[in-house]
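Here are the chains, one letter per residue:
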Protein chains: 2
Amino acid sequence: MTESREDGVAPTGAGALEDQAYREAVVDLLAAIAYGEISAFERLVEDARLAPTLQDKLAVARMACAEFGHVELLQARIAELGADPYAAMAPFQQPLDMFHAHTAPADWYEGLVKAYVGDGLAADFYREIAAYLDPRTRDVVIASLADAGHSEFVVDRVQAAIAADRRLGGRLALWGRRLMGEALTQAQRVAGERDALSALLAGGVDRPALDLAAIGRMFARITELHAERMAKLGLDS
Amino acid sequence: MTESREDGVAPTGAGALEDQAYREAVVDLLAAIAYGEISAFERLVEDARLAPTLQDKLAVARMACAEFGHVELLQARIAELGADPYAAMAPFQQPLDMFHAHTAPADWYEGLVKAYVGDGLAADFYREIAAYLDPRTRDVVIASLADAGHSEFVVDRVQAAIAADRRLGGRLALWGRRLMGEALTQAQRVAGERDALSALLAGGVDRPALDLAAIGRMFARITELHAERMAKLGLDS
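All figures in this text were calculated on a predicted structure; none of them were measured in a lab.

On the side of chain A, 21 residues touch chain B, which itself brings 21 residues to the contact. Between chain B and chain A, a total of about 2,000 Å² is buried, with carbon and sulfur atoms accounting for 71% of that surface. Linking chain B with chain A are four salt bridges, by the criterion used here. For B:E42, the salt bridge identified is with A:K57, shortest N-O distance 3.1 Å. Contributing elements (two or more residues each) for the side of chain B that touches chain A: α1 (20-47), α2 (54-69), α3 (71-80) and α4 (85-102) of chain B. Of the residues forming the side of chain B that touches chain A, the biggest block, eight residues, is contributed by α2(B).

Attention shifts here to helix α7 (residues 152-164) of chain B. It helps to recall that an α-helix has 3.6 residues per turn; residues three or four apart then point in one direction. All names here are of chain B. Across its 13 residues, α7 extends 19 Å between first and last C-alpha, which sits within 8% of the 18 Å expected from 1.5 Å per residue. All buried positions along α7 are accounted for by F153, V154, V155, V158, A161 and I162. If you follow the buried residues of α7, they end up packed against α2, α5 (108-130), α8 (166-193) and α10 (212-233).

What follows is about the side chain of A:T137. All names here are of chain A. Along the chain, T137 falls in helix α6 (residues 135-144). Given the relative accessible area of 0%, T137 is considered buried. With residues near it in sequence (within four places) discarded, T137 still touches V26, L30 and R77.

How each quantity is defined
Residues numbered from 1 in each chain as written. Chains lettered and ligands numbered in written order. Predicted model: local features only at pLDDT ≥ 70, side-chain atom pairs only at ≥ 80, totals over all residues. Heavy atoms only, no water. Contact = heavy atoms within 4.5 Å. Buried area = accessible area lost by both parts, 1.4 Å probe. Salt bridge = Lys/Arg side-chain N within 4 Å of Asp/Glu carboxyl O. Helix = DSSP H or I, 4+ residues; strand = E, 2+ residues; numbered from the N terminus. Expected span 1.5 Å × (residues − 1). Buried < 20%, exposed > 50% of the residue type's maximum accessible area, 1.4 Å probe, protein only.

Bear in mind that shape data such as this cannot, by itself, settle questions of function.
Below, the structure is given as C-alpha cells:
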C-alpha cells in the first residue's frame, strides 16, 4: 500500500481524507492556491496596462486567463471535501493581497519578471507539497499549476531588453531577490497562522511526516529552481 | 446559389472573398469585434474591483475571460484573410477606449448594467451584420458572440438590488439610455471613418446591398432587443 519513494517518503493514501485535520489542511492548501490564482489574475491584467504594444498586452492577458481558468477546478475540489470555497479562501486574501501590494512593479519589465518568478516560485512550492497529498488532490494541484507555456514569452522579452540595456539587468536582479524575500515573508506568515497547514507537514495516520531535514531539502530545491529561472532570464540571483 | 431569406436578402457566397473591398470590410469588422472584446475584458476586470463579494468578483472575471477567449478565433480569421490582426485592430482602439472612458461606471450596479447592456447591444449589431457575410466568416462572428450564459448572473443581481432600492432603478434606467447613446455615437464615428465597412452595407458582386429601409429595420430590431434587455433587468428603456 505504501510504495517507497526515492526520498524515503511514503505516499499518502486516499484514506487520509478520513482524518479531519488532513481534510482541513488540504482545504487550506487548495484555497491558498485558488486565491493565489485569483489575485495573480487581477494583478496580471492590471500590469498588462504597462505593455508597450497590444501584442504584449494580449500575451499577458492570456497568461492571466490561464491562471483564472484553474480556479474552478480548485473550488470544485474544495466543495467535494465538504467546505465552502469562499469561506476557505477568506484567510488568504490579506497575505496574498499584501504580497502584491508590496511588489507592485514600477514598469513593464518588473511586471514580467514578477509574473515569471512569482508564478514559478508558487508552483515549485505547491508541487513539493503535492507529493504529500492523496492522489486525487495531488492531480488537482498539479493540473492547477500548468502554465501552458505562456511564460516563454517573458523569457524572450526580458532577455532582449537586458541585451539592449545592461543596467536594466542589475535592477531586475535586485527585483528578483526582493520578490523571493516577500514571498518567503508571506509564506511564513500563512504557515504561522494556519495550524491545519502546519499540521500537514507534521504528518499523521496513513500520512508521512515532513521532518526538518526534508523541509530543509525542499527549500534547497526551491531556491535552486529560482536561481535557474533567474539565469534563464539572464539575471543573477 | 442564392436562396431567398425571409427579409428578401440573398446570402453572401464564399466567392465574395475574391472581392478586395469585401475582404477589407470583413477584416475591419472582425478587428472591431476583436478589439471590442479586448477592451471589454479589461474594463470588466477593472469594474470587478467594485464587487461587494469575492463571489461577485469571480462571476465578472469569468465573463471577462469568456470575452477574451474569443479574441484568438477572430485574430485567426483575420490572418486567414491575409491581414495582420494588430494592424487591423489599431483604428478601433481609440473609439472603443473612448466609449469606455465616457461610460466608466460609478458603482457596482452601473458596471453590471454596462456589461449586460453593452455586450448585448454589440452582439445584436454584429449578429445583424453577420447575415451579410460569407458562411465561414459568419460562423466565426456568431461563435465570438456567445456569452455562455454568464449574464444571467447580472439579471439576478440587478433585479434584487432594484427591489431593495427603488431609486436605484431610476438611476440605472437613465444609465442604460446613456450607454445606448454613447454606443451609437461611437458606432457612427467608426462607420464614418472606415470606408470599407460602410461599403459592406452598400453591397457588391455576389453580395446583397443593405438599402436604407433594411438599415432602418435593423436599427428598429436592435432598439427593440435593447428595450427587452432593459425590461428583463426591471428597468425602463
